[in-house]
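Residues per chain, in single letters:
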Amino acid sequence: MKRIPELSLVFLVVGALAGPVGYSDALAASSSSSVNASGSAAVPVFSGRKLASAKDNPLPAGDVTMPEAVDRALRHNPSLGSQEAQGQSSEEARKSARGAFGPKLGTTYSVSKQERKTDPVTPSSTRPAQNGTYTWAVEISQPVFQGFQLLATYQKAALQADSDKASVRNAELAMTENVQTQFLNYLRYEESVRSQRDALARLQDQLRITTAFFNVGLRPRLDVLQAEVDVRQAENTLIQVENSRDTSLAKLNTLLGLPATARIKFKGALTHVPFTRSLEQCLEAAYRQRPDLYMAARSVEIAGKSQQQVQSAYYPQVEAYYNITQNGNSLDLQNRGDRGSRSAVWEVGARATWDAFQWGTTYYADKEAGWLVTKMRYAEEDLKLSVGYDIKSKLLAVQEAAKRITVAEKGVEQSTEAYNVALARYQEQVGTNFDVLDASSKLTTAQATLTGAKADYLTALAQIYVAMGEFHPDLMRR
């Protein structure tokens, strides 16, 4: 393949300096179709994050919804700030690599003194200056051809900056999933607390009824003891569920960049939001939008640019220069004394260096870089296969949870009816205490199953959106 000389004059490298299409540009181009298809944006959401503090991240005054929780986490979570700082660092590295194309200006100033004994007949012009020699030199140099090293270095830095932008986006998606999952866990435990309190209230009512029957001799002492045991078990379960809720709340506060002890009220409901996309639509969106796939493709290109950097040693290095040097016997380079001297010399030219043979150093380094390119390509293909499995498994999880919701709703309806029948039979003295306690236990289990199915469905929904590379802060929106 014919190569274009790597002239570093600005008007000749404008196309090269433009670099590859940026991640934000590529994502913005695809986001329009994503918005039309799913009603959501697929672009990075925030930049310029701040570390959490009482001033920059005050406690919310009212209830916090899921979109607000995601927003606060993306703005104030320190881990995302770390990712963004890395992205900004890579962007500055790209600018630094771009500066290597321009000319360099340098200056030196030196002083030296010689002592040499001479015969009286030695002409004074050949004697060293008594006060020493002062030299000031200025040089401008311009790289002309560096074996494509400058171009490869800049393009590699541009690719790395672009990849780090995608890394920030990837971290934003992961944080969104973490916040939504923890938010749903909190709602799950809140619902479980309410369900468990209802169960405890039912068992306490049953204990009162059984005790009243026992006091008038209509029921044995065993029924009272069984009711008391179930009440104590329900109290113990309620304590555990409340602790799980408080732990989830502390974790959610941490994700939002708030103290774990902050008293925040989160508001939401475990509602069912239909998901109608097919497997093919999910795969198409994932292959087009996922940041990790974009980063993998950039890794292959970065490895290729690294190989070009190594291959630059095959070529000569050419540099143009212009310098001017002044010499004198004083600090200000002026003539002083009978041995005073002052001179000025300018020079313009070009330098070419070429390491023609290095015992295979460059050759084997080139081979090493080539194998790294192959490694990156295999890793990219493996990631594509993993993405296909990831999308399929998460879509199956969504579909499974949706089916479980339907079954669980019927189970709650039937368990409620069974409990009401058992309680009525017991009050009419035609049923047993065990029947009531068993029906109450099954109702509690059915309610917990429904709550778990709803939470699992929304969690799977959050996961599949992230797997497709889409940003959906509000899972409850239809």
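Not measured: the values here are computed from a predicted model.

Engineer: Before we move on, could you go through the packing of aromatic side chains and cite the residues and values that matter?
Structural biologist: Overall, the coordinates contain eleven aromatic pairs when judged by the stated rule. Ring geometry for Tyr322 against Trp346: centres 6.1 Å apart, planes inclined by 35°, an arrangement best described as tilted. Of this pair, Tyr322 sits in strand 3 (residues 317–328) while Trp346 sits in strand 4 (residues 342–353); the two residues are 24 residues apart in sequence, bridging distant segments of the chain. The class of Trp346 is exposed, set by a relative accessible area of 57%. Ring pairs connect the aromatic residues Phe145, Phe148 and Tyr315, which therefore count as one cluster. Across from the ring centre of Tyr419, 5.5 Å away, lies the NZ or CZ of Arg202, which sits over that ring. In this structure, Arg221 packs its charged tip against the face of Phe214, placed 5.9 Å from the ring centre.

Engineer: Talk me through the packing of helix 5 (residues 149–215) against helix 8 (residues 291–311); I want residue IDs and the actual numbers.
Structural biologist: Packed helices, taken two at a time, are described by their axes: the angle between them and the distance between them. Remark: helix 5 packs on helix 8, axes separated minimally by 9 Å, with the N-to-C direction vectors making an angle of 160°. Here helix 8 runs roughly antiparallel to helix 5, going by the angle between their axes. Between helix 5 and helix 8 the crossing geometry is left-handed. Per-class residue counts for the contact of helix 5 with helix 8 are eight nonpolar, ten polar and seven charged.

Engineer: Just give me the short version of the pairing of strand 1 (residues 104–112), but keep the residues and values in it.
Structural biologist: Counted residue by residue, strand 1 has zero buried out of nine residues, so it is predominantly exposed. Summarising the sheet, strand 1 and strand 2 (residues 133–145) pair through nine bridges and their orientation is antiparallel. Paired with Leu105 across the two strands is Ile140, which belongs to strand 2.

Engineer: Account for the pairing of strand 2, with residues named and values stated.
Structural biologist: Taken together, the eleven bridges between strand 2 and strand 3 define a ladder with antiparallel strand orientation. Residue pairing in the sheet places Gln142 in a bridge with Ala320 of strand 3.

About the criteria used
Residues numbered from 1 in each chain as written. Predicted model: local features only at pLDDT ≥ 70, side-chain atom pairs only at ≥ 80, totals over all residues. Heavy atoms only, no water. Phe/Tyr/Trp six-rings, centres within 6.5 Å; stacked < 30°, edge-to-face > 60°. Helix = DSSP H or I, 4+ residues; strand = E, 2+ residues; numbered from the N terminus. Buried < 20%, exposed > 50% of the residue type's maximum accessible area, 1.4 Å probe, protein only. Lys NZ or Arg CZ within 6 Å of the ring centre and 35° of its normal. Axes fitted to C-alpha atoms, helices over the stretch in contact; angles between N-to-C directions. Parallel < 35°, antiparallel > 145°, perpendicular 65-115°, else oblique. Left-handed = near helix turned anticlockwise from the far one by under 90°. Nonpolar A, V, L, I, M, F, W, Y, C, P; charged D, E, K, R; others polar. Pairing = 2+ DSSP bridges.

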